[in-house]
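# Coordinate inspection notes
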Amino acid sequence: MVAYARQGQPVDLKRLTAARDWSYKKLQGFRDVRLKIAQQIAGSNYGGVISSWDVDKKCVPYNKLETAYTTFSRQLVANNPQVMISTFNPDQFVRAKLLEAGVNRRLQDMRWKNTLSSLAQDATIQLAVVKVCRREDEIYLDVVDLDDFVCDMAARSFEYCTFIGHRLRLPLAEVQASDFYDPAVTAQLTKDEVTNNNDGGDSKINSIGVGNTGTDQAEPIDMVTLWEIYLPLENALVTLAEDKGDLPPLRYETWRGPAVGPFLVCGLDRLSGNIMPLSPLLQLLDLHMAVAELSRKNIADAVKFKRNTAVASGGAEDADNLNKATHGHAVKVDNIGGLKEVISRGLHPPNLAAQLAFEEMFSKQGHNLDVIAGLSSEADTLGQENLLSQASNRTVTAWQERFRDFVGEIARAVAWHVWDLAGVNEFGDPQVVVPYAVGSQTVPVPLVAEGSFDDFDFQLNPFSLQENTPQSEAAFLRDFAMNIWPMLSAQAPMSGLGLDVEEFVHLYARGNNKPGLNRSVRPMPNPLAMLAEQGGMQPGMQPGMGMAGGAPTPKPAQTERKYTRISKGGKEAGKKAMMASLMKPEKTGAA
């Protein structure tokens with residue numbers, strides 16, 4: 001979020017409270033839709049609410065929305081991300097690497113993979129919000145739920161919000177005992193009961209599993225609800241008590257942190273002129289509901305299928321003989337014309353065809369979801385399959401880029417706080433000591449910051465999400481060693497350059513997550529020096545060839561691969577033929 005110019009205007013508490021309440025009500029429609037999506041993802045058995053195939057129970061036997069939810073969120077975060085910090089200023093290289101080690105250590109301690117996974121799921125459904133803040137020496141990453149979130153809904157984008165904040169519940173005794181808040185205000189606070197309904201009466205998302213509660217029996221201690229609002233114009237954080245408009249703020253402080261403020265938001269798609277984003281699942285909800293409705297009907301029809309034998313009056317003995325007969329044996333009947341097979345209910349072919357058609361529409365509306373999830377090729381030929389895969393990858397890549405930028409903003413905010421902490425205490429001792437890799441060893445090195453974080457041109461690049469993963473870096477190093485360096489090895493010594501094998505192996509081991517590989521490479525005698533001592537070098541060998549140490553570089557292996565595509569019939573043609581056969585009018589009459 002890019003803040004307005006700081007004007008230092010005092011906050012009008014009544015106007016701020018009224019604006020917060022108005023914006024929170026405007027967010028109710030988005031909260032309702034998110035709750036509906038989450039209910040469908042959870043299915044009919046979450047919390048034991050519904051466990052019947054009855055159509056009226058609105059069960060979800062075929063959950064296409066859950067498949068999209070899992071697939072899309074996994075495309076955003078699949079690994080434990082790390083941050084690479086670099087700088088174009090060579091004088092700041094060591095400092096950047098120390099900061100990188102400190103930031104990654106902090107993020108690892110905060111278990112931020114779990115945080116990012118939750119944020120990816122929130123972005124897939126509606127909106128991801130995280131609060132990056134610091135209390136003394138501790139840095140926190142808090143996921144803000146949409147039920148507890150508020151922003152300036154009069155703004156057209158988050159960059160121009162005049163306020164943004166969240167609701168939080170804290171133990172009343174801790175709030176009143178803390179010197180972080182104004183004791184004259186906290187003394188007037190009273191406990192409030194937990195409820196799974198928001199201020200507008202709409203249900204919170206956690207009501208899916210526990211239902212609606214409104215008694216103090218749900219919490220073992222007294223709790224109080226507060227609002228923490230960030231004001232970009234004043235560059236201030238204000239803490240207010242909920243439903244206590246006559247009380248002054250519990251705390252009013254100048255924000256000490258990155259210029260973007262403590263709250264960071266991410267939406268995967270933007271609707272022009274609107275502050276709230278579009279989400280992938282929002283576009284799929286209606287089709288999912290259609291597929292779920294048809295699948296419920298088809299299952300109910302299949303379960304209630306009956307095949308009976310109708311018997312004319314006076315044919316009771318014939319019916320009894322038929323029921324007692326063993327399969328395949330002859331049966332004696334007096335009036336075979338009085339027996340007739342009757343079929344009732346059963347699967348309705350047009351409904352089944354409609355369900356299959358909607359499922360296919362769901363996949364296409366989900367940017368070829370079945371292709372992304374690896375459930376189906378969705379194509380008849382290799383060329384068509386490549387086109388579908390490329391189209392799917394373009395959409396998913398756009399989502400990944402937005403989320404990757406979001407992760408970079410989070411990492412940069414954490415880096416700001418780490419840098420701000422990296423001073424010395426009153427005894428002159430460094431407050432931040434980070435593990436720094438020196439070759440194959442790790443030594444503790446103090447990080448002492450000089451100046452503001454924003455004064456340095458640090459570039460933060462999060463990786464291990466999807467693109468630019470350590471594996472891709474290892475592949476790049478392999479390609480460099482096999483194809484690029486052999487072309488440069490003859491000219492490199494003339495410029496005084498060589499390849500540091502130890503550092504190269506360290507980077508390759510890091511990219512493949514194989515720390516033991518570092519220990520397998522040890523200092524060895526220089527083969528060229530040994531040859532020189534023995535009377536000279538072999539023909540064709542010269543200093544600087546190959547990697548560091550002068551070892552000759554082997555030529556890359558020349559290989560040839562051939563791929564054969566065998567077509568086994570058109571998938572689309574088969575689908576259309578099956579649907580056409582199911583859509584044929586039913587023949588009436590007895591079977």
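What counts, and at which threshold
Residues numbered from 1 in each chain as written. Predicted model: local features only at pLDDT ≥ 70, side-chain atom pairs only at ≥ 80, totals over all residues. Heavy atoms only, no water. Helix = DSSP H or I, 4+ residues; strand = E, 2+ residues; numbered from the N terminus. Buried < 20%, exposed > 50% of the residue type's maximum accessible area, 1.4 Å probe, protein only. Contact = heavy atoms within 4.5 Å. Areas by Shrake-Rupley, 256 points an atom, 1.4 Å probe, with all protein chains shown as cover. Patch = residues over 30% accessible without salt bridge, like charges linked within 9 Å, V, L, I, M, F, W, Y side chains within 5 Å. Salt bridge = Lys/Arg side-chain N within 4 Å of Asp/Glu carboxyl O. Phe/Tyr/Trp six-rings, centres within 6.5 Å; stacked < 30°, edge-to-face > 60°. Lys NZ or Arg CZ within 6 Å of the ring centre and 35° of its normal. Pairing = 2+ DSSP bridges. Core = buried A, V, L, I, M, F, W, Y, C linked by side-chain atoms within 4.5 Å. Axes fitted to C-alpha atoms, helices over the stretch in contact; angles between N-to-C directions. Parallel < 35°, antiparallel > 145°, perpendicular 65-115°, else oblique. Left-handed = near helix turned anticlockwise from the far one by under 90°. Nonpolar A, V, L, I, M, F, W, Y, C, P; charged D, E, K, R; others polar. pLDDT = per-residue confidence, 0-100. Polar contact = N/O pair within 3.5 Å; in protein donor to acceptor, adjacent residues only side chain to side chain.

## Description of the overall build of the protein
Counting its secondary structure elements, the protein contains 18 helices and 14 strands. Relative to its 591 residues, the protein shows a buried fraction of 38%. Partitioning the contacts of the protein with sequence separation of at least 6, the portion at a separation of at least 24 is 71%. Of the roughly 33,300 Å² of accessible surface on the protein, a fraction of 52% belongs to carbon and sulfur atoms.

## Side note on a nonpolar patch on the surface
Taken together, Ile484, Met487 and Leu488 make up a surface patch of nonpolar side chains, about 270 Å² in accessible area. One can find Leu488 in helix H14 (residues 470-488). You can call Leu488 partly exposed: its relative accessible area is 41%.

## Examining the packing of aromatic side chains
Considering all chains together, one arrives at 11 aromatic pairs under this definition. Relative to Trp485, the ring of Phe480 lies with its centre 6.4 Å away and its plane at 35 degrees, an arrangement referred to as tilted. One Lys or Arg, Arg31, reaches over the ring of Tyr24 and ends 3.9 Å from the middle of that ring. The ring of Phe180 carries the charged tip of Arg135 above its face, separated from the ring centre by 3.8 Å.

## Thoughts on the pairing of strand S5 (residues 164-171)
In this structure, strand S4 (residues 149-151) lies alongside S5, joined through 3 bridges in antiparallel fashion. Bridge assignment links Cys151 to a residue of S5, and that residue is Ile164. Relative to strand S6 (residues 223-231), S5 runs antiparallel, the two sharing 8 bridges. What sits directly across from Gly165, in S6, is Ile229.

## A look at the nonpolar core
As a rule of thumb, soluble globular proteins bury nonpolar side chains together. Ranked by internal contacts, the top residues of the largest apolar core, which has 57 residues, are Leu99, Trp112, Leu281, Phe403, Phe406, Ile410 and Phe458. With 14 residues, the single largest contributor to this core is helix H13 (residues 382-421). Membership of the second largest hydrophobic core comes to 19 residues, among which are Val129, Val144, Met153 and Phe263.

## Considering the packing of helix H9 (residues 280-303) against helix H11 (residues 349-365)
It is the contact of H9 with H11, at a shortest axis distance of 9 Å, that shows an interaxial angle of 155 degrees. With respect to H11, the element H9 is oriented roughly antiparallel. In the packing of H9 onto H11, the handedness of the crossing is left-handed. Across the interface between the two elements, Gln283, Leu284, Leu287, His288, Ala290, Val291, Leu294, Ser295, Asn298 and Asp301 of H9 pack against Asn351, Leu352, Ala354, Gln355, Phe358, Glu359, Met361, Phe362 and Gln365 of H11.

## A short note on the sheet that holds strand S8 (residues 251-254)
Strand order in the open sheet made by the 5 strands is S4-S5-S6-S7-S8, with antiparallel pairing throughout. Since the sheet does not close on itself, it has two edges, and those belong to S4 and S8, each with one partner. Taken pair by pair, the neighbouring strands of this sheet meet at an average axis angle of 25 degrees, ignoring direction. As judged from the 6 bridges shared by S6 and strand S7 (residues 236-241), these two strands associate in the antiparallel manner. Across the sheet, residue Ile229 finds its bridge partner in S7, namely Val238.

## Topic: the packing of helix H2 (residues 28-42) against H9
Here H2 crosses H9 at 55 degrees, and the two axes come no closer than 11 Å. By the angle between their axes, H2 is oblique relative to H9. Once H2 is placed against H9, the crossing between them reads as left-handed. Across the interface between the two elements, Val33, Lys36, Ile37, Gln40 and Ile41 from H2 touch Leu281, Leu282, Leu285, His288 and Met289 from H9. A per-class count over the contact of H2 with H9 returns 7 nonpolar, 2 polar and 1 charged.

## Quick notes on the sheet that holds strand S9 (residues 263-266)
Strands sit in the order S3-S2-S9 across an open sheet of 3 strands; the sheet is antiparallel. Since the sheet does not close on itself, it has two edges, and those belong to strand S3 (138-143) and S9, each with one partner. Between one strand and the next, the sheet's axes are offset by a mean angle of 20 degrees, whatever the strand orientation. In the sheet, strand S2 (residues 128-135) pairs with S9 via 4 bridges, with the strands oriented antiparallel. Considered in S9, the bridge of Lys131 is made with Phe263.

## Considerations on the confidence of the model for the protein
In the predicted model, the protein carries a mean pLDDT of 79, and 74% of its residues have values of at least 70. Put simply, helix H17 (residues 527-533) is where the protein has its lowest mean pLDDT, 60, and S4 is where it has its highest, 97. Low pLDDT, under 50, characterises residues 1-9; the stretch is placed with 28 contacts to residues that sit more than four places away or in other chains. Confidence drops under a pLDDT of 50 for residues 424-428, and excluding neighbours within four residues, the segment shows 4 contacts in the predicted structure.

## A few points about the pattern of salt bridges
If the charged atoms of two oppositely charged side chains come close together, the side chains can form a pair. Applying the stated criterion across every chain, the model contains 17 salt bridges. Here Arg167 and Glu242 are joined by a salt bridge, their closest N and O atoms 3.4 Å apart. In this pair, Arg167 is assigned in strand S5 and Glu242 in the loop between S7 and S8, connecting sequence segments 75 residues apart. By the burial criterion, Arg167 is buried, and Glu242 matches it. The partner of Glu293 in a salt bridge is Arg296, and the shortest N-O contact between them spans 2.6 Å. Of this pair, Glu293 and Arg296 both sit in helix H9, separated by 3 residues, roughly a single helical turn. What makes Arg296 buried here is its relative accessible area of 4%. The network of salt bridges with shared partners includes Arg34, Asp145 and Asp147.

## Side note on the side chain of Asn298
By the element assignment, Asn298 lies in helix H9. Polar contacts involving the side chain of Asn298 include one to the side chain of Gln355, which spans 2.6 Å. Among all residues touching Asn298, those that are not within four sequence positions of it are Leu347, His348, Asn351, Leu352 and Gln355.

## Re unusual backbone geometry
The phi dihedral of Asn235 falls on the positive side, at around 50 degrees, and the residue is not glycine. Tracing the backbone through its elements, the reader meets Asn235 in the loop between S6 and S7. Even without glycine at this site, Asn368 takes up a positive phi of about 60 degrees. Mapped onto the fold, Asn368 is located in the loop between H11 and helix H12 (369-373).

## Considerations on the environment of Glu234
Among the structural elements, Glu234 can be located in the loop between S6 and S7. Sequence spacing of Glu234 and Thr254 is 20 residues, and the spatial spacing of their C-alpha atoms is 7.9 Å.

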